[in-house]
Amino acid sequence: MFKNLKTPHGNPLQHFWNMLAYFGAAAVLVLALTPGLSVAGGLIGVALSGVGLGAVTLALGIAVTIVIRRVGSLVQTGRLLQYGSFWLAAWLGLQGLMLLGVVSGVDSAAVSSLIVFGVAFGAATLFGEVPWKGRTWLPMRRKSK
């Protein structure tokens, strides 16, 4: 299924799992270390909620990015749209946790979700999982035939 997928990563499935680990770890850190934030279930609740938030953020971020690429006929979404997609996805995931009553005491879901996104993408970029070269900040349209 993933054999013909074009990606700057050698193994797209391995990249997915690695990014899931980055987002899960970032979400666990935010849920565990944000002052005033409360997660039902103690440490196990923080771990499960963090992994769930990381998975939702990754899946929704990918989905939003795909939709933007298709609708805009883009060959590359650019960092601004891609980063915004993942920030939105983290915010939606955190809103879902709050709606379910798993997380409470969030003063600013926008800031908390920005930190989840920033830590995950920052660490993944720092450790070479997310390529820096060859990417633009602005979207690039697909050349018309």
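Conventions used here
Counting of residues starts from 1 at the beginning of each chain's written sequence and follows it residue by residue. In view of the model being predicted, local features appear only for residues whose pLDDT reaches at least 70, and side-chain atom pairs are presented and counted only at 80 or more, with totals across whole chains, interfaces and linings using the full set of residues. Here the side-chain values reflect all heavy atoms present in the structure, with hydrogen atoms and water set aside. Each helix is a run of H or I in the DSSP string that is no shorter than four residues. Each strand is a run of E no shorter than two, and both are numbered from the N terminus. Helix span, expected: 1.5 Å multiplied by one less than the number of residues in the helix. Remark: exposure states derive from per-residue accessible area (1.4 Å probe, protein chains only) relative to the maximum for the residue type, with buried under 20%, exposed over 50%, and partly exposed in between. In this context, the arc is that of the directions from the helix axis out to the C-beta atoms. Contact definition: two residues touch when any of their heavy atoms are within 4.5 Å. Two aromatic rings from Phe, Tyr or Trp, using only the six-membered ring of Trp, form a pair when their centres are within 6.5 Å; if the ring planes differ by under 30 degrees the pair is stacked, by over 60 it is edge-to-face, and anything between is tilted. Think of it as a cone above the ring: NZ of Lys or CZ of Arg counts as a charge over the ring if it is within 6 Å of the ring centre and within 35 degrees of the ring normal.

### As for helix α3 (residues 78-99)
Alright, step 1. Here α3 contains 22 residues, and its C-alpha end-to-end distance of 31 Å stays within 8% of the 32 Å for a straight helix at 1.5 Å per residue.
Alright, step 2. Inspection of α3 places Gly78, Arg79, Gln82, Tyr83, Ser85, Phe86, Ala89, Ala90, Gly93, Leu94 and Leu97 among the buried residues, and these make up the whole buried set.

### Regarding helix α4 (residues 109-126)
Alright, step 1. Taking 1.5 Å of rise per residue, the 18 residues of α4 would be expected to cover 26 Å, and the 25 Å separating its terminal C-alpha atoms lies within 8% of that figure.
Alright, step 2. Buried within α4 are the following residues: Ala109, Ser112, Ser113, Val116, Phe117, Ala120, Phe121, Ala123 and Ala124. One face of α4 carries all of its buried residues, which in axial projection span an arc of 165°.
Alright, step 3. On its buried face, α4 sits against α1 (12-33), α2 (42-71) and α3.
Alright, step 4. Immediately downstream of α4, the backbone of glycine 128 shows phi near 85°, a positive value.

### Some points on the environment of leucine 92
Alright, step 1. Tracing the chain through its elements places leucine 92 in helix α3.
Alright, step 2. Using a relative accessible area of 37% as the deciding quantity, one classes leucine 92 as partly exposed.

### What to know about the packing of aromatic side chains
Alright, step 1. Following the criterion strictly, the structure yields 9 aromatic pairs and no others.
Alright, step 2. Between phenylalanine 23 and phenylalanine 86, the aromatic rings sit 5.6 Å apart at their centres with planes inclined by 20°, giving stacked as the arrangement. Here phenylalanine 23 is found in helix α1, whereas its partner phenylalanine 86 is found in helix α3, with 63 residues between them in sequence. By the burial criterion, phenylalanine 23 is buried, and phenylalanine 86 matches it.
Alright, step 3. Taking 5.2 Å as the distance between ring centres and 55° as the angle between the ring planes, the aromatic pair formed by tyrosine 83 and phenylalanine 117 counts as tilted. Of this pair, tyrosine 83 sits in helix α3 while phenylalanine 117 sits in helix α4; the two residues are 34 residues apart in sequence, bridging distant segments of the chain. We note that tyrosine 83, like phenylalanine 117, is buried.
Alright, step 4. If you follow arginine 79 out to its NZ or CZ, it ends over the ring of tryptophan 132, 3.6 Å from the centre.

### Considerations on the environment of leucine 88
Alright, step 1. Structurally, leucine 88 can be placed in helix α3.
Alright, step 2. For leucine 88, a relative accessible area of 38% translates into the label partly exposed.

Any functional reading would require information that these geometric values do not contain.
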